[in-house]
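Chain residues, written in single-letter form:
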Amino acid sequence: SQKIEQNSEALNIQEGKTATLTCNYTNYSPAYLQWYRQDPGRGPVFLLLIRENEKEKRKERLKVTFDTTLKQSLFHITASQPADSATYLCALGQPDTGRRALTFGSGTRLQVQP
Amino acid sequence: AAGVIQSPRHLIKEKRETATLKCYPIPRHDTVYWYQQGPGQDPQFLISFYEKMQSDKGSIPDRFSAQQFSDYHSELNMSSLELGDSALYFCASSAGQDRAEKLFFGSGTQLSVL
C-alpha cells in the first residue's frame, strides 16, 4: 500500500541548532516533493519544492534533499529559531497519474527551545 | 497580496444537518482543491476543480458534493452530517499549467458536528 511517513513524535531542539526532518514514502513515484509549514488552526504554507531530477534545494536557512533511490527527503532548518516551531508537512506530486492534487504526510511537529 | 478566502471560519452543526463551506481562490488561479484534516492527521484530499470542471476526486463521501462557479469560487456541500465529519476543511488554489504546482491554502473552516 502507499504510505508517506514522517516522524510522528515531536522534534525538540535548542535554538541555533540544525533541525532535520525526514519524509519517507512507499509505492509512490513522485515527480516532485514539496514541504509545507503548518501552524495550529491554520492552513499549510508552501516552503520548498524539489523535483525528481534534483538532489538538493536551498532557500535561506532551509535545505531539502531528495533521494529517489532511498525514497526519502530530508528537510533541514539551520540556525533554528523559536519562531520556526510548527508542524512541517511533506507532500508528493504525481502529475503523471493525472492527479494535480498533492498527497500529504501527517507531519512532524518541531519545537525550538530558546 | 490576495490570499485564499474561506468562510465561515467556524461552523457548529448537529448530526444529520447540512453545511455549506465557501472558498474564494486567489485571482487568476484556475484550480481549487478541497482537503479535510482531522486533529493530528494529515490533510486528506477530497476533490478538485480545474476551470469549473471537476478534475479529480479523492476520498470525498457520497454525502458531500462540490462545485466551482463561473467566478471561480467553490462551495463544498455536506449533507447528513456525522460526528466523524468534525474536522478542519481547507481550500487551496493553484495557477497555471506548471506540472509542479504549489498550493496556496486558506485558513480553513473548523466544522464541529455535535
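This section reports on the structure supplied with the text. (Residues numbered from 1 in each chain as written. Chains lettered and ligands numbered in written order. Predicted model: local features only at pLDDT ≥ 70, side-chain atom pairs only at ≥ 80, totals over all residues. Heavy atoms only, no water.)

## Notes on the packing of aromatic side chains
All names here are of chain B.
In step 1: By the definition in use, this model includes 12 aromatic pairs over all chains.
In step 2: For the ring pair Phe 64 and Tyr 89, a centre distance of 6.5 Å and an interplane angle of 65° mean the geometry is edge-to-face. One end of the pair, Phe 64, is in strand S7 (residues 64-68); the other, Tyr 89, is in strand S9 (residues 87-94), and 25 residues separate them in sequence. Like Phe 64, the residue Tyr 89 is buried in the burial classification.
In step 3: An angle of 90° between the planes, with centres 6.1 Å apart, marks the rings of Phe 90 and Phe 105 as edge-to-face. (Phe/Tyr/Trp six-rings, centres within 6.5 Å; stacked < 30°, edge-to-face > 60°. Helix = DSSP H or I, 4+ residues; strand = E, 2+ residues; numbered from the N terminus. Buried < 20%, exposed > 50% of the residue type's maximum accessible area, 1.4 Å probe, protein only.)

## Some words on the sheet that holds S7(B)
All names here are of chain B.
In step 1: One open sheet holds the 4 strands; their spatial order is S1-S3-S8-S7, and the pairing between them is antiparallel. Unpaired on one side and paired on the other, strand S1 (5-7) and S7 mark the two borders of the sheet. Put simply, the sheet's adjacent strands are angled 15° from each other on average, direction ignored. (Pairing = 2+ DSSP bridges. Axes fitted to C-alpha atoms, helices over the stretch in contact; angles between N-to-C directions.)

## Considering the interface of chain A and chain B
In step 1: Between chain A and chain B, the contact holds 21 residues from the first and 25 residues from the second.
In step 2: Its largest share of buried area at the contact with chain B, chain A owes to Arg99(A), Arg100(A) and Phe104(A), together 33% of the area lost on that side.
In step 3: For the interface between chain A and chain B, the tally reads 0 salt bridges.
In step 4: Where chain A touches chain B, the interface holds 5 residue pairs in polar contact (both at pLDDT 80 or more).
In step 5: Secondary-structure elements contributing two or more residues to the side of chain A that touches chain B are strand S4 (32-38) and strand S5 (45-51) of chain A.
In step 6: With 4 residues, the top contributor of residues to the side of chain A that touches chain B is S4(A).
In step 7: The residue makeup of the side of chain A that touches chain B, split by class, is 10 nonpolar, 6 polar and 5 charged. (Contact = heavy atoms within 4.5 Å. Buried area = accessible area lost by both parts, 1.4 Å probe. Salt bridge = Lys/Arg side-chain N within 4 Å of Asp/Glu carboxyl O. Polar contact = N/O pair within 3.5 Å; in protein donor to acceptor, adjacent residues only side chain to side chain. Nonpolar A, V, L, I, M, F, W, Y, C, P; charged D, E, K, R; others polar.)

## What to know about the state of the cysteines
All names here are of chain A.
In step 1: Per the counting criterion, the structure on display carries 2 disulfides over all chains.
In step 2: Disulfide partner of Cys 23: Cys 90, at an S-S distance of 2.0 Å. Taking the sign of the S-S torsion, 60° for the link of Cys 23 and Cys 90, the bridge is right-handed. Of this pair, Cys 23 sits in strand S3 (residues 19-26) while Cys 90 is found in strand S9 (residues 86-93), placing the two residues 67 residues apart along the sequence. Here the two residues Cys 23 and Cys 90 agree in accessibility, since each one is buried. (Disulfide = S-S within 2.5 Å.)

## Focus: the sheet that holds strand S6 (residues 56-59) of chain A
Residue and element names in this part refer to chain A.
In step 1: If you trace the 5 strands from one edge of the open sheet to the other, you get S1-S3-S8-S7-S6, paired in antiparallel fashion. Only two strands of the sheet have a single neighbouring strand rather than two, namely strand S1 (3-6) and S6. Here the average twist between neighbouring strands, direction ignored, is 15°.
In step 2: With 4 bridges joining them, S6 and strand S7 (residues 62-67) adopt antiparallel strand pairing. Bridged to Arg 58 within S7 is Lys 63.

## Focus on unusual backbone geometry
Residue and element names in this part refer to chain B.
In step 1: For the bond from Ser 7 to Pro 8, the omega torsion is -10°, close enough to zero to count as cis.
In step 2: You will see that Arg 16, though not glycine, has its phi angle at about 75°, which is positive.
In step 3: Tracing the backbone through its elements, the reader meets Arg 16 in the loop between strand S2 (10-13) and strand S3 (19-24).
In step 4: The class for Arg 16 is exposed, based on a relative accessible area of 65%.
In step 5: One non-glycine residue with positive phi stands out, namely Ser 80, at about 45°.
In step 6: Classification of Ser 80 by relative accessible area gives partly exposed; the value is 39%.

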